[in-house]
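Next come the chains, spelled out residue by residue.
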Amino acid sequence: MQIGSLTLKSNLFLSPLAGYTNLPFRRVVRELGGVGLATTDLVNARSLLEQRPKAFKLIETCPADAPLAVQLFGSVPEEMRDAALVVEARGAAAVDINMGCPVRKVCNVGGGSAMMTELDKTAVLVRGMVNAVNIPVTAKMRLGWDDNNLTAPDLARALEAAGVAAIFVHGRTREQGFGGTVNLAGIRKVVAAVKNIPVIGNGDIVTPQAAKMMVDETGCAGVSIGRGAFYDPWIFQRILHLLQTGAVQPEASFSERVRVMCRHLDLMIEIFGEELGCRMFRKIAPWYAKRFGPCHEFNHQVVHIATRSQFQAVLENYRRWREQFLDEQGELQIRFQPRPLVASFMREPDAAPPQHIPVPKGAVEHW
Ligand SMILES: Cc1cc2nc3c(=O)[nH]c(=O)nc-3n(C[C@H](O)[C@H](O)[C@H](O)COP(=O)(O)O)c2cc1C
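Residues numbered from 1 in each chain as written. Predicted model: local features only at pLDDT ≥ 70, side-chain atom pairs only at ≥ 80, totals over all residues. Heavy atoms only, no water.

Participant: I would appreciate a short explanation of unusual backbone geometry in the present structure.
Facilitator: Excluding glycine, a negative phi dihedral is what most residues carry, and trans is how most peptide bonds are arranged. Put simply, Ala66 and Pro67 share a cis peptide bond, and its omega is -5 degrees. Topologically, Pro67 is positioned in the loop between α3 (53-58) and β5 (68-73). Despite not being glycine, Gln51 shows a phi value in the positive range, around 60 degrees. Notably, Asp204 is not glycine yet its phi reads approximately 70 degrees, a positive angle. For Asp204, the position within the fold is in the loop between β9 (199-202) and α9 (208-218). Taking the relative accessible area as the measure of exposure, Asp204 reaches 12% and is therefore buried. (Helix = DSSP H or I, 4+ residues; strand = E, 2+ residues; numbered from the N terminus. Buried < 20%, exposed > 50% of the residue type's maximum accessible area, 1.4 Å probe, protein only.)

Participant: Got a minute to help me understand the site of the ligand in this structure?
Facilitator: In the vicinity of the ligand, 19 residues are found, and the nearest of them are Pro16, Gln71, Asn202, Asp204 and Arg227. Backbone polar atom of Leu42 to an oxygen atom of the ligand: 3.3 Å apart, as the coordinates give it. Between the ligand and Asp204 there is a distance of 2.7 Å, counted from an oxygen atom to a backbone nitrogen or oxygen. Contact with the protein chains covers 99% of the free accessible surface of the ligand, which is 610 Å². (Near = heavy atom within 4 Å. Polar contact = N/O pair within 3.5 Å; in protein donor to acceptor, adjacent residues only side chain to side chain. Areas by Shrake-Rupley, 256 points an atom, 1.4 Å probe, with all protein chains shown as cover.)

Participant: Got a minute to help me understand the pattern of salt bridges in this structure?
Facilitator: The tally for this structure, following the rule as stated, stands at 19 salt bridges. Notably, a salt bridge pairs Arg238 with Asp232, separated by 2.6 Å at the nearest N-O pair. Asp232 matches Arg238 in its accessibility class, with the two residues each being buried. Between Glu251 and Arg291 there is a salt bridge; the shortest N-O distance is 2.9 Å. Placement of the pair is Glu251 in the loop between α11 (235-245) and α12 (254-272) and Arg291 in the loop between α14 (285-289) and α15 (296-302), with a sequence separation of 40 residues. Here Glu251 falls in the partly exposed class, since its relative accessible area comes to 34%. (Salt bridge = Lys/Arg side-chain N within 4 Å of Asp/Glu carboxyl O.)

Participant: Sorry, what's going on with helix α13 (residues 274-281) here?
Facilitator: Along an α-helix, residues three or four positions apart point the same way, because every turn accommodates 3.6 residues. All of the buried residues in α13 are Gly277, Cys278 and Phe281. Burial along α13 is one-sided: seen end-on, the buried residues are contained in an arc of 95 degrees. Against α12, α14 and α16 (308-322) lie the buried residues of α13. (Arc of directions from axis to C-beta. Contact = heavy atoms within 4.5 Å.)

As structure tokens, this is what we get:
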């Protein structure tokens, strides 16, 4: 797949998840295979220019973490341009612009003219970045403010004219937050709105089948996966397998899940140091545990780890506790197996409610 001058090995993307898609996690998913391009958490352009250590930690990378896009946010054109230059000089393969929800003004003043003003302003900012760097500039957006203001097609058209090399669109409105159904028809409208650049669909891809359905129904050139990659870091490779062979591979086994979880912790410690790495891992380990079967014993204990050996002790303790749920072959008994994951847009109308997916407070203001 091609994004401007950048050739990618697959059309599968890791979406930015602030606080999660850091270097250790990106390396984990890349080691498992299938990822075409990964993106950093969003980075404040001004913080980069002010050389804040936290901003530089967010863009920390290594050869095994290529190709990498850095996602920037900010509203001052000169700052966004200069931050894009910094990112390019540090070897990023692409720079992505977090569009947040660009249509707040439409809502406040209730008119299309305000939206056009906003679009013009955005186009100026984007053009400044595109002209300054040689790497592709991409943009990530939602469908719009609410169902009555699905402005993404207009925005995508304006951004293509301003020179962006690809559009990432989360198929929900700002009003929907992270709930409700991802709107495939809305993504399709964005695909139809642009002429020559790829549109990447995003939202709720938790299984290979969901990825295929999004591609088939929207005509998008690729898909980007956020939370689904945390449930299932193997998902990229499983999607490729489905697209190439038509067959769905089973989810990773418990032992493979544990192996990758331990690898993830090792990388957290390598990159953040043992104390901080373990502290940060307290909120990561429960994502792996979501597919372990009964896991409250593990989740209760893992939130206290401060060292690698404490983590190992929690894991050993949990393995022993989990034995009560296994059959003679050592597999989880069927009644204790986690329910299959189903994307919102593939759920039967009367299906059971989805599993709770944690989203930090206020996130929707920006993403
Ligand atoms: C915890 C969390 C952090 C996120 N951080 C960002 C971010 O930094 N930049 C961004 O553009 N979107 C961010 N998003 C939105 C995701 O990239 C993605 O668009 C959304 O979660 C839908 O995709 P998914 O269902 O595959 O997760 C975040 C979402 C979550 C849940």
